[in-house]
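Residue-level listing of the chains:
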Amino acid sequence: MMKKIGRIAFLPLLAGAVACQTSSSDQEKTAKTDTTRRNSFSADAAFLQKFHPDLVTLKDGDAQVLICPAYQGRVMTSTADGETSYGWINHELIGSGKLLPHMNAFGGEDRFWLGPEGGQFGLFFQKGKAFNGDDWQTPAPIDSEPFTVESKDQRSARFRRDFRVSNYSGTVFDLGVEREIRLLRPEQINQALGASGIPMSESLKIVGIESVNTLFNRGKTAWTKEKGLVSIWILGMFNASPQTTVVIPFRPGAGPAINDAYFGKIPQNRLVVTDSVAFFRADANHRGKIGVAPERARNWIGSYDPTTRTLTLVTFTFNPGKRDYVNSAWEIQEQPYRGDVVNSYNDGPMKPGQPQMGRFYELESSSPAAALGPGERLTHTHTTLHIQGNPTQLDLIARQWLGSPLDQITGAFP
């Protein structure tokens, strides 16, 4: 995910191109609290600074980005207008100072992970363990351990970490990770979007965040498909609301466009698939995940929240000719390199009556499987844009980049 923005008079947009059971009243209180937090970037900044004095802030006018080195150089949240906070932050967990088993859902709108999660080459299960929640464990270097700050200035920050992980089959990976987070300038947003040009008025605020993620093979042997490969996996956690809808455009082709089998088939009142775009509820009331394979994926996904009049766009490096993507399914797989390029996750209780991680949804992208020799590298760039303001102008942007007008997005679910 990248660099800047605040108030832009005319920005030409390019063409083409996520303990204890809670009652319903408690959930309502949590939802209201999350909404308040989402609308207070300064409160999020003060909270994070209290627990992480080394918090990195990138700033250009109203546009700001908060990055936490302790959480792998994770982008925690951002703002375009200096007020609205877009990233979901787990205040309770961070404030407790504790680490949890399985995964620490600290939040953040651009976090670095590695795939695959499950399967014979999965990194989140030890050899011989069952593919279930009790045996699922996020590797500490991408969960609870810090990255080193290499450099920082007002617009960018660089982080690195070398570490070792092993997969379910026992293959050991000695790897290095470098992350550079950039606050984009208006002209850099133009470059990310394309060159067609949709005029944006002073009433629109925009922040652009780019993360450039590079994976290195630090070992002495090549990484091969026979022993398992890894991939770069970037996940963004955003504040859910009852009206937020995820939009995933896809290309024409054979076979299902949308994979909704991750945590059980998605109900029809939560997922609508047309001939070119899918709409997915992002209200954090039902746990579910969808994905798109490389044959059908486009390099744009997004969401719209009418409560804050914010259109979120995510784009990423994607070569349609690359077809080997790691498979994260929690099972021994017949096709371990038939995974998805892009995913969206909506949080909810794992089982009825159980607590959930938080009131958030995710927009995710993955790199191809990294078949790297010693010393070789693979880079995956993930860019997040939040555009806030006049719905008429947002409609033009949504049509061009997500292939859907705002009224179709807001009307996808009754």
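Residues numbered from 1 in each chain as written. Predicted model: local features only at pLDDT ≥ 70, side-chain atom pairs only at ≥ 80, totals over all residues. Heavy atoms only, no water.

## Examining the overall build of the protein chain
Heads up, the rule is: Elements are defined by DSSP. Helices are runs of H or I of four residues or more, strands are runs of E of two residues or more, and each kind is numbered from the N terminus. Think of it in three bands: with a 1.4 Å probe and only protein chains considered, a residue is buried below 20% of the maximum accessible area for its type, exposed above 50%, and partly exposed in between. Note on areas: Shrake-Rupley with a 1.4 Å probe; residue coverage comes only from the protein chains shown.
A tally of helices and strands in the protein chain yields six helices and 18 strands. Scored against the burial criterion, the 414 residues of the protein chain give a buried share of 56%. Accessible area of the protein chain: about 16600 Å², with a carbon and sulfur share of 49%.

## Structural notes on the confidence of the model for the protein chain
Under the convention used in this document: Per-residue confidence from the prediction method is given by pLDDT, with values spanning 0 to 100. Here, residues are in contact when the closest pair of their heavy atoms is within 4.5 Å.
Put simply, the protein chain has an average pLDDT of 89, and 89% of its residues get 70 or more. For the stretch residues 1–38, pLDDT sits under 50, and the model shows 147 contacts to residues farther than four places along the chain or on other chains.

## Side note on the sheet that holds strand S8 (residues 205–217)
Going by this rule: The criterion for strand pairing is that DSSP finds at least two bridges linking the strands in question. Where helices are involved, their axes are fitted lines through C-alpha atoms of the stretch in contact, as for all axes, and angles between N-to-C directions lie from 0 to 180°.
Across the sheet, 10 strands lie side by side as S5-S6-S7-S8-S18-S15-S14-S10-S12-S11; this open sheet has antiparallel pairing. The open sheet terminates on both sides in strands that have one partner only, identified here as strand S5 (148–152) and strand S11 (271–273). Neighbouring strand axes in the sheet, compared pairwise and without regard to direction, differ in orientation by 15° on average. Two elements, strand S6 (residues 156–166) and strand S7 (residues 172–183), share 11 bridges in a ladder whose sense is antiparallel. By the bridge assignment, Arg161 is partnered in S7 with Val177.

## Quick notes on unusual backbone geometry
A cis amide bond links Gly115 to the next residue, Pro116, at an omega of 5°. Mapped onto the elements of the fold, Pro116 is located in the loop between strand S4 (111–115) and S5. The residue His102 is not glycine, and still its phi comes out positive at about 75°. Tracing the chain through its elements places His102 in the loop between helix H3 (91–96) and S4. Residue His102 is classed as partly exposed on the basis of its relative accessible area of 25%. You will see that Arg309, though not glycine, has its phi angle at about 50°, which is positive.

## Quick word on the nonpolar core
Note the threshold: What is meant by a nonpolar core is a set of buried Ala, Val, Leu, Ile, Met, Phe, Trp, Tyr and Cys residues, joined one to another through side-chain atoms within 4.5 Å.
The biggest cluster of nonpolar side chains holds 50 residues, and the ones touching the most others in it are Ile67, Leu175, Leu215 and Trp223. Sorting the residues of this core by element identifies strand S1 (56–60), strand S2 (63–68), S4, S6, S7, S8 and strand S9 (231–239) as the ones contributing at least two each. Sequence-distant contacts of Leu215, defined by excluding residues within four places in its chain, comprise Leu114, Leu175, Gly176, Val177, Trp223, Val230, Ile232, Ala370, Leu372, Glu376, Arg377 and Leu378.

## Some details on the packing of aromatic side chains
Short version of the rule: Think of it this way: a Phe, Tyr or Trp ring, Trp meaning its six-membered ring, pairs with another when their centres are within 6.5 Å, and the plane angle makes it stacked under 30 degrees, edge-to-face over 60, tilted otherwise. Each ring is checked for a lysine NZ or an arginine CZ that lies within 6 Å of its centre and within 35 degrees of its normal; such an atom marks a charge sitting over the ring.
Tallied over the entire structure, the rule returns 17 aromatic pairs. Among the aromatic residues, those joined into a cluster by ring pairs are Phe125, Phe131, Trp136, Tyr168 and Trp330. Here Arg111 stacks its cationic end above the ring of Trp113, 4.3 Å away from the centre of that ring. In this structure, Arg218 packs its charged tip against the face of Phe216, placed 4.4 Å from the ring centre.

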